[in-house]
Amino acid sequence: MNDKKSWRGTWQAWLYLMPAVMIVAVFGLYPVIHALDLSLHVRYDYYRNLVFERGLDNYVFIVQDPEFRLALRNTLLLVAVVVPVSMAASLAIAYFLHTRTFLSRWVQPAFFLPLAASVLAAALTWRWLFHTEYGAANAALTAIGLPAVGWLTSPEWALPSLVLFSVWHSLGYNILLFLVGMQAIPPQYDRAARIDGASGWQRFRRITAPMLGPVFYYVSIVSVVHAFMTFDEAFALFGGERAGPMDRALTIVYYAFRKFYSEAEYGIASAAAYAGFLLVFALTLVQLKMNDRRGR
Amino acid sequence: MRGTDENMRVKSFSNQIGRRAGLLLDAFVCALGAAMLFPFLWMAEISLRSGDQTMSPRLLASFPLEWSNYRIVWETLPLARYFGNSLLVVATSVAFGTIVTICAAFAFTHFTFYGRKILLAALLGTLMIPEQLLLIPNYMTVAALGWTDRYAALAVPWMTNAFAVFYLVQVFSAVPREYRFAARADGAKPSAFLWRVIVPLSKSSILTLALLKSIANWNAYLWPLIVTNSKEMRTLPVGLLAFSTEAGTSYELLMAVSVILVVPMVFLYFIVQKHLVQAVPSVENLKNES
Amino acid sequence: MEVSLNGLSVAYGERTVVADLTAAIASGELVALLGPSGCGKSTTLLAVAGLLNPSFGSVRFDGRSMNEVPTELRDVGMVFQQYSLYPHMTVYDNIAFPLTMKKWPKADIRRRVDELAELLRIGELLARRPDRLSGGQQQRAAIARALAKRPKLLLMDEPFSHLDSSLRLELREEFRFLQQSFGITTLFVTHDQEEALSLSDRIMVMADGTMLQYDTPEQVYHRPSSRRAAEIAGHPPMNFLEVEGRPWTLGARAEDWLLADEDSALVRGRIAAIEKTGKDTLLKVRAPSALLRVYASPEWPVAVGQEIGLRVRPGRAHWFDSGSGERLAAEPERIQAESGGGIR
């Protein structure tokens with residue numbers, strides 16, 4: 001790379017950049033602004049593409065809408081449970097894969113495979129597993145003497161079912177990230193600790209965990225955002241008009257989607273989606289602040 | 001240092017309790033691994049059941065295996081069309097997308113130009129944006145472009161993104177600068193350098209990226225759902241989704257379609273998996289050093 | 001082709017790495033850029049190549065300024081310390097690469113590559129990839145590639161540093177022979193002063209981004225223009241002694257000392273260590289104000305801890321100004337001889 005900016009270099013560089021920049025600008029950046037604008041469309045004619053009035057009415061609406069409130073509650077619950085559980089589990093599993101290399105070669109594919117499979121296909125299978133009368137889950141429960149449960153049919157169990165599915169689905173990616181993070185730690189530290197007589201748990205706590213700081217941090221942010229914007233899993237699992245019995249698995253994005261796709265209320269939908277985005281963004285900033293204060 | 005890695009590992013579990021705990025841990029994680037795979041095994045198994053046995057919670061409810069399910073779904077649903085659509089979309093999107101990403105990453109790593117910093121920052125910014133937010137406005141954009149129900153809508157938006165570009169930027173940055181110097185002294189223009197030196201040297205990473213893109217693209221169901229109206233334009237996942245509302249209790253047929261959806265990607269996964277752990281942002285991707 | 005540097009300065013951001021270099025390299029000359037790490041020699045080389053842009057001054061090829069000419073058009077061949085060869089191409093493809101870029105017909109390329117391979121003695125290795133070659137073979141191939149397009153200028157950045165010493169010698173000699181037969185102007189960066197002294201027509205001694213001396217190897221070795229230049233060229237490093245009460249520094253190389261008795265000794269000290277390296281015996285002598293490294297002749301009686309008196313071989317002393325480090329005229333010797341050893 002030349003150490004001087006030049007117009008010639010600039011022209012050439014932009015030529016190479018053009019296609020990618022255009023795609024990202026049109027489909028990655030512009031939509032953010034557009035979404036904000038859409039959320040402000042109060043009265044409009046969709047087919048003739050006319051907007052008559054802009055304002056914050058949509059936001060007012062969703063704040064007052066009990067459906068949205070339910071979605072918000074569900075989403076927060078989801079995040080509160082899925083993220084810690086998933087992160088703890090993936091950390092443990094990643095540590096195992098990292099240290100027991102012999103076995104991990106065989107077990108690794110098992111954890112990463114779900115990453116390659118469509119969430120829809122997986123959800124449909126879980127739908128079967130969770131079937132109230134015939135599902136294997138209930139069969140297993142009754143086999144050990146516990147009562148069968150209406151996984152996808154009863155209001156109390158709808159969200160837990162989603163939680164279970166979400167955790168299962170999220171493990172692959174989180175494990176991958178942790179594993180990579182662990183492999184980036186120079187092995188000398190661990191070896192030195194071993195020579196000093198530290199046990200497995202001690203080594204993990206004193207050596208591995210602290211050095212995983214940045215990775216942990218990154219995974220937590222990504223997990224929170226993903227859980228907050230859960231939709232794929234919910235829609236695939238419950239599929240359709242009602243997000244589970246009495247909407248008990250309704251998430252913010254699910255709400256937005258429904259408003260958009262089924263009710264053609266794209267203004268409200270955008271407002272809901274944007275509100276969700278702002279909330280999770282705020283959450284991320286909080287996490288950033290917390291890490292700053294703690295780490296240093 | 002005394003002994004090899006393996007020796008040291010064995011040594012740490014040399015006491016009774018340590019070894020037992022180690023084995024317990026092994027068993028536990030293996031069980032967990034099985035739990036992860038479990039649903040897929042079920043999926044395959046159910047797809048091979050005969051209709052009357054579908055709703056049985058027992059494993060291997062019907063024996064012999066009912067392969068006819070596959071034939072049934074292939075004939076009753078326009079699966080060939082769906083499969084073909086998915087294939088076409090993935091192939092074009094990934095092929096063009098990879099080229100586009102390569103070019104962009106090359107620009108960032110090997111040119112100094114006005115606007116580089118800003119562009120990098122903007123790209124970084126997009127990383128923070130959850131894709132669900134983009135769904136509705138992108139649909140509007142696509143509709144405005146007249147791409148609804150056309151392949152362009154399915155292929156173009158996902159051709160490249162910040163992750164892909166940053167990944168390749170990292171890979172390209174790891175190429176020692178002497179090669180650039182040598183190439184320039186040899187009279188190579190930037191394009192020659194890119195396609196004859198950088199790309200061959202980064203082959204494995206580029207391939208990994210392409211495969212990851214393929215998997216993501218193939219599995220996408222939400223965007224294709226929104227963007228297509230007609231049956232003929234459906235991709236496989238959307239076809240599966242549509243079928244799931246019609247199938248009712250014919251889970252065996254549903255699972256058959258699911259298996260058809262999943263298998264190609266599992267296949268692709270096994271190809272990628274060797275490189276997978278290095279694919280996530282990490283340092284050394286070049287195996288060929290003199 | 002003649003190359004000239006005209007007030008060449010190169011900066012990285014705020015830092016000036018090379019300052020105001022002016023020198024002329026004659027056609028067919030092999031000039032070594034010699035200096036410690038960080039002295040700016042590689043930077044200078046890259047600037048001549050056009051890979052770095054000068055912040056001031058210019059590089060001229062046959063009088064023509066190259067400031068606006070990109071590397072690709074400068075007709076230079078380059079060899080690096082490592083990563084010279086493209087690892088994913090065979091040796092043949094590597095050497096052929098510059099010719100492919102020039103769009104030569106295949107037959108001509110074949111002929112040229114074979115010709116070079118024979119010259120560099122790597123004919124049987126053409127189908128191999130670089131990772132299956134030894135270091136020496138790789139550098140031969142790299143040199144072949146650099147020469148393939150018959151460049152007007154050859155630029156080399158410590159090409160032999162990574163090689164074993166025996167290999168280095170062999171490759172050095174072969175390369176020098178080739179360079180002279182082709183008469184190709186060459187700029188050669190090295191931190192190995194022995195390499196510079198044995199290979200080059202002229203040496204450009206550099207330190208801290210400036211040129212200290214630009215002269216033939218003999219001159220650089222026997223008449224270093226400054227203390228710093230004397231330090232850089234020559235191994236073991238030159239010994240320096242301060243003159244008491246005067247702003248003079250005496251320099252004498254390890255091989256220029258004679259055994260002396262009480263009266264004629266310039267300096268007295270105790271032998272701290274003796275290193276025997278085959279043909280040489282190197283003494284480390286602890287004098288009151290300096291640690292001297294001195295080569296002992298075979299007949300000297302030496303033992304660790306022994307007292308020893310030394311004087312400099314007549315005509316071999318170098319005098320430098322204590323402040324500026326610049327070389328002085330011979331005057332001070334006379335004064336010193338008269339005052340009879342006020343050296344500390």
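Residues numbered from 1 in each chain as written. Chains lettered and ligands numbered in written order. Predicted model: local features only at pLDDT ≥ 70, side-chain atom pairs only at ≥ 80, totals over all residues.

With respect to the overall build of chain C
Then step 1. What chain C contains, in helices and strands, is nine helices and 18 strands.
Then step 2. Along the first, second and third principal axes, the C-alpha atoms of chain C reach 80 × 45 × 35 Å.
Then step 3. Counting over 344 residues, chain C shows a buried share of 42%.
Then step 4. Counting contacts in chain C only where the partners sit at least 6 residues apart, residues at least 24 apart contribute 65% of the total. (Helix = DSSP H or I, 4+ residues; strand = E, 2+ residues; numbered from the N terminus. Buried ≥ 20, exposed ≤ 12 C-beta atoms within 10 Å, placed from the backbone. Contact = placed C-beta atoms within 7 Å.)

As for the domain arrangement of chain C
Residue and element names in this part refer to chain C.
Then step 1. Splitting chain C by domain gives domain 1 (3-227) and domain 2 (237-339).
Then step 2. Taking only C-alpha atoms into account, the centre of domain 1 sits 38 Å from that of domain 2.
Then step 3. Facing four residues of domain 1, the contacting portion of domain 2 comprises eight residues.
Then step 4. A class-by-class count of the residues in the side of domain 1 that touches domain 2 yields one nonpolar, two polar and one charged. (Domains from an automatic or database assignment. Nonpolar A, V, L, I, M, F, W, Y, C, P; charged D, E, K, R; others polar.)

Regarding the interface of chain B and chain A
Then step 1. Contacts between chain B and chain A engage 75 residues on the former and 77 residues on the latter.
Then step 2. Counting residues per element, the side of chain B that touches chain A draws most heavily on helix H2 (residues 16-47) of chain B, at 14 residues.
Then step 3. A breakdown of the residues in the side of chain B that touches chain A according to their chemical character gives 56 nonpolar, 18 polar and one charged.

Digging into the sheet that holds strand S17 (residues 307-312) of chain C
Residues and elements named next belong to chain C.
Then step 1. Taken together, five strands build an open sheet; the order of strands is S13-S17-S14-S15-S16 and the sheet is antiparallel. Each having just a single partner strand, strand S13 (257-259) and strand S16 (291-295) make up the two edges of the open sheet. Between one strand and the next, the sheet's axes are offset by a mean angle of 50 degrees, whatever the strand orientation. (Pairing = 2+ DSSP bridges. Axes fitted to C-alpha atoms, helices over the stretch in contact; angles between N-to-C directions.)

Here's the deal with the sheet that holds strand S8 (residues 185-190) of chain C
Residue and element names in this part refer to chain C.
Then step 1. The strand order S6-S7-S8-S3-S9-S10 describes an open sheet built from six strands, whose pairing is mixed. The open sheet has two free edges, formed respectively by strand S6 (76-79) and strand S10 (210-215), since each of these has just one partner strand. Direction aside, neighbouring strands of the sheet carry axes that sit 15 degrees apart on average.

Looking at the environment of aspartate 280 of chain C
Then step 1. Inspection of the secondary structure assignment puts aspartate 280 of chain C in strand S15 (residues 280-286).
Then step 2. The exposure class of aspartate 280 of chain C is partly exposed, given the 13 C-beta atoms found within 10 Å.

As for the packing of helix H3 (residues 106-119) of chain C against helix H4 (residues 135-148) of chain C
All names here are of chain C.
Then step 1. H4 packs onto H3 with a crossing angle of 135 degrees between their chain directions and a minimal axis gap of 10 Å. Accordingly, the angle class assigned to the pair H3 and H4 is oblique. Like other packed secondary-structure pairs, H3 and H4 cross with a definite hand, here right-handed. Residue-level contacts link Arg112, Leu116 and Ala117 of H3 to Ala144, Leu147 and Ala148 of H4.
Then step 2. A breakdown of the residues in the contact of H3 with H4 according to their chemical character gives five nonpolar, no polar and one charged. (Parallel < 35°, antiparallel > 145°, perpendicular 65-115°, else oblique. Left-handed = near helix turned anticlockwise from the far one by under 90°.)

Description of the pairing of strand S18 (residues 318-321) of chain C
Residue and element names in this part refer to chain C.
Then step 1. Residues His318 and Phe320 of S18 are buried on one face, while the alternating residues Trp319 and Asp321, pointing to the opposite face, are not.
Then step 2. Inspection of the sheet shows strand S12 (residues 248-252) paired to S18 by four bridges, in the antiparallel sense. Counterpart to glycine 251 in the pairing with S18 is histidine 318.

Overview of unusual backbone geometry
Then step 1. With an omega dihedral of 0 degrees, the bond running from histidine 235 of chain C to proline 236 of chain C counts as a cis peptide bond.
Then step 2. For proline 236 of chain C, the position within the fold is in the loop between helix H8 (227-232) and strand S11 (239-242).
Then step 3. A positive phi angle is found at alanine 264 of chain A, which is not glycine, with a value near 55 degrees.
Then step 4. Along the polypeptide, alanine 264 of chain A turns up in the loop between helix H12 (252-262) and helix H13 (266-295).
Then step 5. Exposure remark for alanine 264 of chain A: the 11 C-beta atoms within 10 Å place this residue in the exposed category.
Then step 6. Although it is not a glycine, glutamate 158 of chain C adopts a positive phi angle of roughly 45 degrees.
Then step 7. Considering the arrangement of structural elements, one finds glutamate 158 of chain C in the loop between strand S7 (153-157) and helix H5 (165-182).

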